[in-house]
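# Secondary and tertiary structure notes
Listed below are the residues making up each chain.
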Amino acid sequence: MHTATANCQAAEFLPGDRLAVLLPLPLAGVYDYLVGNGQRLAAGDFVRVQLGRGQAIGVVWSAGGTIEADKCRPVIERLDQVPLPLPSRRFIDWVAAYTLAAPGAVLRMAMSVRSAIDPKPRQRRAAPCPLPDWRRPGLALSADQAVAAAALRRAVGGGFTVTLLEGVTGSGKTEVYFEAVAEVLARGRQVLVLLPEISLSAQWLARFAARFGAPPREWHSDLTDKARRDTWRAVAEGAAKVVVGARSALFLPFRDLGLIVVDEEHDASFKQEDGVIYHARDMAVVRARLGAIPIALVSATPSLETRTNVEAGRYRRLHLPTRHGGAKLPSLQLIDMRRHGTARQSWLSQPLIDALTDALAAGEQAMLFLNRRGYAPLTLCRACGHRLKCPHCTAWLVSHRSGPLGGGSATERLRCHHCGYSSPLPAACPECRAADSFAACGPGVERLAEEVAARFPDARTAVMTSDTISGPRAAADLVDRMVRHEIDLLIGTQIVAKGHHFPLLTVVGVVDADLGLAGGDLRAAERTYQLLWQVAGRAGRAAHAGHALLQTYQPEDKVMEALVSGDADRFFAAETEDRRAAGMPPFGRLAALIVSGPEATAVDRLAAELARRAPRGADIEVFGPVAAPLAVLRGRHRRRFLLKTARTVPVQSVLRRWLDQIRPPSSLRLQVDIDPYSFL
Ligand code: ADP
Ligand code: ZN
């Protein structure tokens, strides 16, 4: 095994030539093979090869080299499959080099559907799919929309460009980028649209189908094997014209990709946090560059990184300043919880209760937002104070009381939101043996729903969280019921914030606006601003004016002030200056290193060794090792390092030199997280 990069020449390899074949294995680079008798192979071909005693399928990557020809085995056969195109291959190399993942691990993401590449005979047929029709007319655009749409259409004709499409919620950003999609379709090329929560995006799918007369292809974790197989192959063959997907769709083998759209580009869920750790928005920009195609980043609250790129002139910005059809942005009001306390075991202040009462009386809809699943985030023993924690993680157990779809079966379960551990509530305290002594502390959405039921007994309510919604169908049903006004009051976690359009929704209440600020990491303020702005943006999207009420104990916090004043630019300018002064991204680079293993002493030993060999240099700082905030996760002890460098430092080679000196025992894991977003 060695390393080699994808070759640009469409070289043909003839019998007797040596080849480097990349195999989709977690630790693999390329392996050398020989072209067998009668074979003609080219870079990108899928091939079956001998590996140890078994066989494997890999991709011809480049000419081979390091192993003598008489020690190489011949390729068994070339598979009857469209070759992996050059931009995809170069992308895999690029992602591997950037994230320090093994190229084989990245190829594995591109070859995630084994049965599409090496089908059994009965799996060969794919059902034909209707094609989106670009000739259908779109909506009549407003003047601002038309300007933005024309600019995006023009970009489609050119090479690599990055365009930020920024516009307030409800300004018609989706309509505008649909015009660019139509342009790509007219040119016969393919489009990739990345959405943060694709399985919750029924409204987006319906709009696409209404605009183009046929649905797009979907790509996410909630698909049947057959759907994955059909789509993978249709993408490779060029028959799938528009793919809408989660971040992993970036690794699909597009035959002729012409445009990428990243909707809600600021969304943190674009960061993949395990396996190959990468940021899908950033990698999408790379993919566009390698394919020499345009990319559009779309958001109402663009990330600080993207704003900085606009300011530096690297990205172009298109702006939609107003809501479509004269709808007004919601008014935003802070409720100072230091003055408006709530009664014991209740979480709604009087001003919020009044606003909800008025909206319901007027026949409008309301929404309550609390970013906490379950009934209560903490359960403790009233007798001795013991807190119930996960046996495998540094985390409290979260109590859950209702079954799926909010059907209140009163059996209480305790769950760990990190590892999935679950148990019934114990009959007695494990510490002091007191019976029936447990008290729930703090609210989750289920508990909030209890208060709502008590205060508004006639309101039709529903709870929307990843626990109550078991897939795209259930999510779509709930959204439909909301649109048909079969629900008066929707209670939910951040998934209610995502892109939904509820014309009758006028009041949005944020129960605990301070929640996201608690962790205090680099992006806590920015993330809280974006999330709360997006939640508030659900209100008043049509004829009725919207109001958002935010309960906070820190009304003078910069995030709350920015939300109320509506002055996003000033807030982001201040955040940008803070980051610049501290040398934080995007003005400096960060990489995290996480050492983990089942035994704390072995983890500490490796961490100490890493510390001894830590890189030094003028523009390099290494912090740690420290116990991670999640010091134990799934039974593994975790220690963190943070590497901080100037922008000019090639952080990957610094890391490589550091890690190459270390041979961790197999029970320990060393994870590299370039550009970390989570610091847990
Ligand atoms: P955004 O993506 O900026 O939040 P959308 O594209 O979802 O905005 O548009 C918000 C609502 O306004 C949608 O229901 C959309 O169909 C409608 N809309 C936007 N532009 C137009 C237009 N030019 N004509 C008619 N309806 C429009
Ligand atoms: Zn756990």
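Residues numbered from 1 in each chain as written. Chains lettered and ligands numbered in written order. Predicted model: local features only at pLDDT ≥ 70, side-chain atom pairs only at ≥ 80, totals over all residues. Heavy atoms only, no water.

## Description of the coordination of the zinc ion (ligand 2)
The condition is simple: Only nitrogen, oxygen and sulfur atoms count as donors, using a 2.8 Å cut-off from the metal that widens to 3.2 Å for Na, K and Ca. Water is left out, so coordination shells may look unfilled. Between 85 and 135 degrees for all angles marks four donors as tetrahedral; over 155 degrees for opposite donors together with 65 to 115 for all other angles marks four donors as square planar and six as octahedral; every other arrangement is irregular. Only DSSP runs of H or I with at least four residues qualify as helices, and only runs of E with at least two residues qualify as strands; both kinds are numbered from the N terminus onward. Burial classification: accessible surface area is computed with a 1.4 Å probe over protein chains only, and a residue below 20% of its type maximum counts as buried, one above 50% as exposed, and the rest as partly exposed.
Surrounding the zinc ion (ligand 2) are the protein donor atoms C390 (SG), C393 (SG), C416 (SG) and C419 (SG), at 2.3 to 2.4 Å. Its four donor atoms give the zinc ion (ligand 2) angles of 106 to 114° at the centre, a pattern that matches the tetrahedral case. Sequence positions of the residues that donate to the zinc ion (ligand 2) give the spacing C-x2-C-x22-C-x2-C. With a gap of 23 residues between them, C393 in the loop between β19 (378-381) and β20 (398-400) and C416 in the loop between β21 (413-415) and β22 (422-424) connect regions that are remote in the sequence. Residue class for C393 comes out buried when judged on its relative accessible area of 1%.

## So, the pattern of salt bridges
Put simply, the rule reads: The salt bridge criterion pairs a side-chain nitrogen of Lys or Arg with a carboxyl oxygen of Asp or Glu, the two atoms within 4 Å.
Tallied over the entire structure, the rule returns 36 salt bridges. R48 is paired through a salt bridge with D118; the nearest N and O atoms lie 3.0 Å apart. Pair noted here: R48 is in strand β5 (residues 46-51) and D118 is in the loop between α3 (114-117) and α4 (143-157), with a separation of 70 residues, a long-range link. According to the relative accessible area criterion, D118 is partly exposed, its value standing at 26%. Salt-bridge contacts for R373 lead to D467; the nearest nitrogen and oxygen are separated by 3.0 Å.

## Overview of the packing of aromatic side chains
So the rule is basically this: Only Phe, Tyr and Trp rings take part, Trp by its six-membered ring, and two of them pair if their centres are within 6.5 Å. Stacked means planes under 30 degrees apart, edge-to-face means over 60, and tilted covers everything else.
Counted according to the given criterion, the structure contains 15 aromatic pairs. An angle of 15° between the planes, with centres 5.6 Å apart, marks the rings of W204 and F208 as stacked. Here W204 and its partner F208 are both found in helix α6 (residues 202-212), four residues apart, which amounts to about one turn of the helix. F208 carries the same exposure label as W204, and that label is buried. With centroids separated by 5.3 Å and ring planes inclined at 80°, the aromatic side chains of F571 and F572 adopt a geometry described as edge-to-face. The class for F571 is buried, based on a relative accessible area of 6%. Exposure remark for F572: the relative accessible area of 3% places this residue in the buried category. Here a set of aromatic residues connected by ring pairs shows up, and it is made of Y177, F178, W204, F208 and F212.

## Topic: the site of ligand 1
Quick note on the threshold: Consider each residue's heavy atoms; a residue with any of them within 4 Å of a molecule or strand counts as near. N or O atoms within 3.5 Å of each other form a polar contact, as long as, within protein, one can give a hydrogen and the other can take it, and as long as residues adjacent in sequence are counted only when both atoms are side-chain atoms. For the area figures, the Shrake-Rupley method with a 1.4 Å probe applies, and any residue is considered shielded solely by the protein chains shown. Any residue that is not Ala, Val, Leu, Ile, Met, Phe, Trp, Tyr, Cys, Pro, Asp, Glu, Lys or Arg is counted as polar, Gly included; the first ten are nonpolar and the last four charged.
Around ligand 1, the surrounding shell holds 16 residues, and the nearest of these are A140, G170, K173, T174 and R207. A distance of 2.9 Å is found between an oxygen atom of ligand 1 and a backbone nitrogen or oxygen belonging to G172. H501 has a polar side-chain atom sitting 3.4 Å from an oxygen atom of ligand 1. Alone, ligand 1 offers 550 Å² of accessible surface; in the complex the protein occludes 80% of this. When residues of the shell around ligand 1 are assigned to their parent elements, the largest contribution, three residues, is made by helix α5 (residues 173-186). Looking at the shell around ligand 1 residue by residue, the class counts come to four nonpolar, eight polar and four charged.

These figures come from the coordinates and say nothing about function on their own.
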